Amino acid sequence: SQQGEEDPQALSIQEGENATMNCSYKTSINNLQWYRQNSGRGLVHLILIRSNEREKHSGRLRVTLDTSKKSSSLLITASRAADTASYFCATDAGVGDDKIIFGKGTRLHILP
Amino acid sequence: EAGVAQSPRYKIIEKRQSVAFWCNPISGHATLYWYQQILGQGPKLLIQFQNNGVVDDSQLPKDRFSAERLKGVDSTLKIQPAKLEDSAVYLCASSLEGRGGASDIQYFGAGTRLSVL
């Protein structure tokens, strides 16, 4: 079963521009996380946002959560070549459900 | 602090053969996860251990996949016999507490890339 779904599937931008990717989910959740995966590597945690939070920042990353629309967005400002990676959102399978479900990801490519 | 260790990094086998993957989580992490990641998709949870007990294995194909976590530390995932559709990257992750869902930060190993011919 799929909970989170990222949009767009792929994104190419010029270095220095901002990148925005979105995650929509179907059922109510308590937690949502964003992870990054560089080619051939494991996933790296970026940000955890809880259902009672609307926005969180970490360096050049900004995550928002809109529980009424069941969606989240990840903004990467002033992109760098090293930001080239796949980005995944992960959510609870549902409130009270102990499973975690990852979306299919957004493949971000930063052009020099 | 050492990260999550996985071995081997790559494995090529023929269908119907057996294969085993090994994972050593971060020291002190109670929860260990095994994921299957097919090319172009997100990780799919196969099994979750809390210490040495199974919390969730609802998506583990139990007719061919098995996993164990010895003494609540290391873990092995086995496939017997392998099918072509098992070609994927197998990721191991650990978290400190395992409070369920997406409530805990997970730390991932580099994965094992399995090719079944």
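Structure: see above.
All values derive from a computational prediction rather than experimental measurement. (Residues numbered from 1 in each chain as written. Chains lettered and ligands numbered in written order. Predicted model: local features only at pLDDT ≥ 70, side-chain atom pairs only at ≥ 80, totals over all residues. Heavy atoms only, no water.)

Regarding the environment of Ile49 of chain A
Residues and elements named next belong to chain A. Positionally, Ile49 belongs in strand β5 (residues 43-50). Sequence separation between Ile49 and Lys99 is 50 residues; the distance between their C-alpha atoms is 17 Å. Those residues in contact with Ile49 that lie beyond four places of it in its chain are Asn30, Asn31, Leu32, Arg54, Glu55, Lys56, Val63, Thr64 and Leu65. (Helix = DSSP H or I, 4+ residues; strand = E, 2+ residues; numbered from the N terminus. Contact = heavy atoms within 4.5 Å.)

Topic: the interface of chain B and chain A
At the junction of the two partners, chain B supplies 25 residues and chain A supplies 24 residues. Summed over both partners, the interface of chain B with chain A buries about 1,800 Å², with 54% contributed by carbon and sulfur atoms. On the chain B side of the contact with chain A, Gly101, Ala102 and Phe108 of chain B bury the most area, a combined 27% of that side's loss. At the boundary of chain B and chain A, one finds 1 salt bridge. (Buried area = accessible area lost by both parts, 1.4 Å probe. Salt bridge = Lys/Arg side-chain N within 4 Å of Asp/Glu carboxyl O.)

Some thoughts on the state of the cysteines
Within the structure shown, the criterion is met by 2 disulfides over all chains. Through a disulfide, Cys23 of chain A is tied to Cys89 of chain A; the S-S separation comes to 2.1 Å. Taking the sign of the torsion about the S-S bond as the criterion, the disulfide between Cys23 of chain A and Cys89 of chain A, at about 65 degrees, is right-handed. On the criterion of sequence distance, the pair formed by Cys23 of chain A in strand β3 (residues 19-24) and Cys89 of chain A in strand β9 (residues 85-92) is long-range, its members being 66 residues apart. Classification of Cys23 of chain A by relative accessible area gives buried; the value is 1%. Put simply, Cys23 of chain B and Cys92 of chain B are joined by a disulfide, and their sulfur atoms are 1.9 Å apart. Residues Cys23 of chain B and Cys92 of chain B are joined by a disulfide whose S-S torsion is about -70 degrees; by sign, that bridge is left-handed. Taken together, the positions of Cys23 of chain B in strand β3 (residues 19-24) and Cys92 of chain B in strand β9 (residues 88-95) put the pair 69 residues apart, joining distant regions of the chain. One exposure class covers both Cys23 of chain B and Cys92 of chain B, and it is buried. (Disulfide = S-S within 2.5 Å. Buried < 20%, exposed > 50% of the residue type's maximum accessible area, 1.4 Å probe, protein only.)

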